[in-house]
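The residues making up each chain are set out below.
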Amino acid sequence: MKIDEFLSDYDFCASYGVHISASPSVVYERLFWLDFNDVWIVRLLETARTGKLVSPSRLATSLSQRLQGTGFVMLAEVPNEELLMGIAGRFWRPDGGRCLDLTVGDFVNFARPGYAKVAWNFSLRADSSEETVLSTETRTKCFGPAARWKFRIYWFLIYPFSGLIRKALLNRVKSDAESVSSKLEIGNV
């Protein structure tokens, strides 16, 4: 997986998965076009964190386009197999302390003391031509003992909410992909 190439050495990790009755290509398409802010729990928790009302996008844009200006950078896209995003910052700060101008090269070489970097992927594995396992993994590498200590406290507090977000995103993709897949099956009958 690409996540192994970009962040094989990490301090914290969380993984979740879901089985979807749809082909990898349908699942990938639904994931790629999903507006994360269209999922109510994402909006609620992001609004709570920032104190600013978060709304879904009014325009259908790809994940790559939606990441612009957020601090996240698309590290790798392998259609029907994996999407990988990266971000660096001081996540324990109220504003997230995100490094907003991060590039792929910056992410690879990032090791600023007092900061952390995160690789977050979605990977797809075909169980059959019409069955897919969609999983997500988040890995965090902290730079320096102070960053590790601060992130550990932050992670303890946000881990359950982070898990809720990841599970909600997986379930939304599942729902959307299975809906599209069932419409395709009806159209082929």
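Report follows, based on the coordinates. (Residues numbered from 1 in each chain as written. Predicted model: local features only at pLDDT ≥ 70, side-chain atom pairs only at ≥ 80, totals over all residues. Heavy atoms only, no water.)

### Side note on the packing of aromatic side chains
Then, in step 1: If you walk through the whole model with that rule in mind, you get 14 aromatic pairs.
Then, in step 2: Residues F72 and W120 carry aromatic rings whose centres are separated by 6.1 Å and whose planes lie at 55° to one another, so their mutual orientation is tilted. Of this pair, F72 sits in the loop between α4 (63-67) and β2 (73-78) while W120 sits in strand β4 (residues 116-128), and the two are 48 residues apart along the sequence.
Then, in step 3: Look at F72 and you get partly exposed, because its relative accessible area is 21%.
Then, in step 4: Assessed through its relative accessible area of 6%, W120 is described here as buried.
Then, in step 5: On the basis of an interplanar angle of 80° and a centroid distance of 6.5 Å, the ring pair of F91 and F151 is categorised as edge-to-face. Here F91 is found in the loop between β3 (82-89) and α5 (104-109), whereas its partner F151 is found in helix α6 (residues 145-188), with 60 residues between them in sequence. Comparing F91 with F151 shows no difference in burial state: the two are buried. (Phe/Tyr/Trp six-rings, centres within 6.5 Å; stacked < 30°, edge-to-face > 60°. Helix = DSSP H or I, 4+ residues; strand = E, 2+ residues; numbered from the N terminus. Buried < 20%, exposed > 50% of the residue type's maximum accessible area, 1.4 Å probe, protein only.)

### Observations regarding helix α3 (residues 40-50)
Then, in step 1: All of the buried residues in α3 are I41, V42 and L45. With its buried residues spanning 100° around the axis, α3 presents them on a single face.
Then, in step 2: Positive phi shows up at G51, right after α3, with a value of about 75°. (Arc of directions from axis to C-beta.)

### Structural notes on the nonpolar core
Then, in step 1: Within the largest apolar cluster, 42 residues are counted, with the highest numbers of intra-cluster contacts made by I20, V27, L63, F122, L134, F151 and L169.
Then, in step 2: Looking at this core, the elements that each hand over two or more residues are β1 (12-20), α2 (24-33), α3, α4, β3, β4, β5 (131-142) and α6.
Then, in step 3: Looking at which element gives the most residues to this core, the answer is α6, with ten residues.
Then, in step 4: With 15 residues, the next largest nonpolar core counts I3, L75, L84 and F110 among its residues. (Core = buried A, V, L, I, M, F, W, Y, C linked by side-chain atoms within 4.5 Å.)

### Here we look at the side chain of T61
Then, in step 1: Structurally, the position occupied by T61 is in the loop between α3 and α4.
Then, in step 2: According to the relative accessible area criterion, T61 is buried, its value standing at 19%.
Then, in step 3: For T61, the residues in contact, after removing those within four places along its chain, are W33 and R66. (Contact = heavy atoms within 4.5 Å.)

### Details of the sheet that holds β4
Then, in step 1: Taken in spatial order, the five strands make up an open sheet running β1-β5-β4-β3-β2, and their pairing is antiparallel. If you trace the sheet from one side to the other, it starts and ends with β1 and β2, each paired once. The average angle at which neighbouring strand axes cross in this sheet is 15°, direction not considered.
Then, in step 2: Here five bridges tie β2 to β3, and the two strands are oriented antiparallel to one another. When the sheet's bridge partners are listed, V78 is paired in β3 with E82.
Then, in step 3: Together, β1, β2, β3, β4 and β5 form the strand contacts of α2, whose direction differs from that of β4 by roughly 150°. (Pairing = 2+ DSSP bridges. Axes fitted to C-alpha atoms, helices over the stretch in contact; angles between N-to-C directions.)

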